[in-house]
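# Structural overview for review
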Amino acid sequence: MTRIIATSTPGKERAQLSKAIVITIREFMRQKEPGKSTHDMVAFIILALNEIAEGIDKSVAAWEKRGYWVKADKYRMEWQWTGLIAEKLKKSFERNDWGNIASILVEIMGQFEDIKVSDRHRMGKPWVGAHKIYKKSN
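Remember, it's a predicted structure, so these values are computed and weren't measured experimentally. (Residues numbered from 1 in each chain as written. Predicted model: local features only at pLDDT ≥ 70, side-chain atom pairs only at ≥ 80, totals over all residues. Heavy atoms only, no water.)

### Looking at the overall build of the protein
The number of helices and strands found in the protein is six helices and zero strands. Going residue by residue from the N terminus, the α and β elements of the protein occur as α-α-α-α-α-α. A burial count over the protein gives 33% of its 138 residues as buried. Accessible surface, the protein as shown: approximately 9300 Å² in total, 53% of it carbon and sulfur. Side chains of the protein give 25 positive and 17 negative charges; the mean places of these two sets differ by 6 Å. (Helix = DSSP H or I, 4+ residues; strand = E, 2+ residues; numbered from the N terminus. Buried < 20%, exposed > 50% of the residue type's maximum accessible area, 1.4 Å probe, protein only. Areas by Shrake-Rupley, 256 points an atom, 1.4 Å probe, with all protein chains shown as cover. Lys, Arg positive; Asp, Glu negative; His and termini not counted. Charge placed at Lys NZ, Arg CZ, Asp CG, Glu CD.)

What follows is the structure, encoded as C-alpha cells:
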C-alpha cells in the first residue's frame, strides 16, 4: 500500500476561507440594498466562519500530541472569535437586522486586517449558492 499524503490541511483551508470572507465582505459593502446575492454573501460568511471554528481542533491536535499545551491553548484563544461571531451574525441574519450585520462584518474585517487580497483575484464569487446550503444546514 502506498502512503496517502494530505494536500489540504486545516491551515490551508483556513487561509483560503479567510481570503474568501474578505472578498465577500468587500462585495457586501458595495451593495446598496439587500438582495438575493446579499443573502448568499452573509450565509457564506456564517458557513465559512463555522468551518474555520471547526478546524481549530484539527490544527492543534498535533501540538497537543507532542505536549505543546500552551501553544495549543494560545492558538485556540486566537481563533475562538470565529465561532462566537458566526453565532452573532446568524442571529442578526435570521432577524434581517442589516444594520447590525454591517457592523459585525466591519468587526470581522478588523480581525482579518492582515490578509491582503488583490482586486484582481481569481477566486470568483465564492458566496454564490451559499444561502441554499445555509438553509439545508439549519
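Now that the structure has been shown, we can carry on.
### Focus on the nonpolar core
Residues Ile21, Ile45, Leu89 and Ile108 are the most contacted members of the largest nonpolar core, which totals 36 residues. For this core, the leading source of residues is helix H2 (residues 36-65), giving eleven residues. The residues contacting Ile45, other than those within four sequence positions of it, are Ile21, Thr24, Ile25, Leu89, Leu105 and Ile108. (Core = buried A, V, L, I, M, F, W, Y, C linked by side-chain atoms within 4.5 Å. Contact = heavy atoms within 4.5 Å.)

### With respect to helix H4 (residues 81-94)
Between the first and last C-alpha of H4 there are 20 Å, a value that for 14 residues agrees with the 20 Å anticipated at 1.5 Å per step. Listed as buried for H4 are Trp81, Thr82, Ile85, Ala86, Leu89, Ser92 and Phe93. For H4, the angular spread of the buried residues around the axis is 130 degrees, confining them to a single face. Exposed positions of H4 whose direction lies more than 90 degrees from the buried face are Leu84 and Glu94. Elements in contact with the buried residues of H4: H2, helix H3 (69-79), helix H5 (98-111) and helix H6 (130-137). Downstream of H4 by a residue or two, Asn96 has a phi angle that is positive, lying close to 55 degrees. (Expected span 1.5 Å × (residues − 1). Arc of directions from axis to C-beta.)

### Remarks on the environment of Lys65
Inspection of the secondary structure puts Lys65 in helix H2. Separated by 18 residues in the primary sequence, Lys65 and Gly83 place their C-alpha atoms 24 Å from one another.

### Here's the deal with the side chain of Ser18
Considering the arrangement of structural elements, one finds Ser18 in helix H1 (residues 10-30). Ignoring sequence-local partners within four residues, the contact set of Ser18 consists of Ile52, Trp79, Phe112 and Ile115.

### Quick look at H6
Regarding H6, the residues found buried are Ala130, His131 and Tyr134. Each buried residue of H6 sits inside an arc of 95 degrees when the element is viewed along its axis, so together they form one side. Seen from the open side of H6, the exposed residues pointing more than 90 degrees away from its buried face are Lys132, Ile133, Lys135 and Lys136. Residues of H6 that are buried in the fold lie against H2 and H4.

### Looking at the pattern of salt bridges
With the rule as written, the count across this model stands at six salt bridges. Here Glu107 makes a salt bridge to Lys88, at a shortest N to O gap of 3.3 Å. Here the residue Glu107 occupies a position in helix H5, and Lys88 occupies one in helix H4, the gap between them amounting to 19 residues. Since its relative accessible area comes to 36%, Glu107 is described here as partly exposed. (Salt bridge = Lys/Arg side-chain N within 4 Å of Asp/Glu carboxyl O.)

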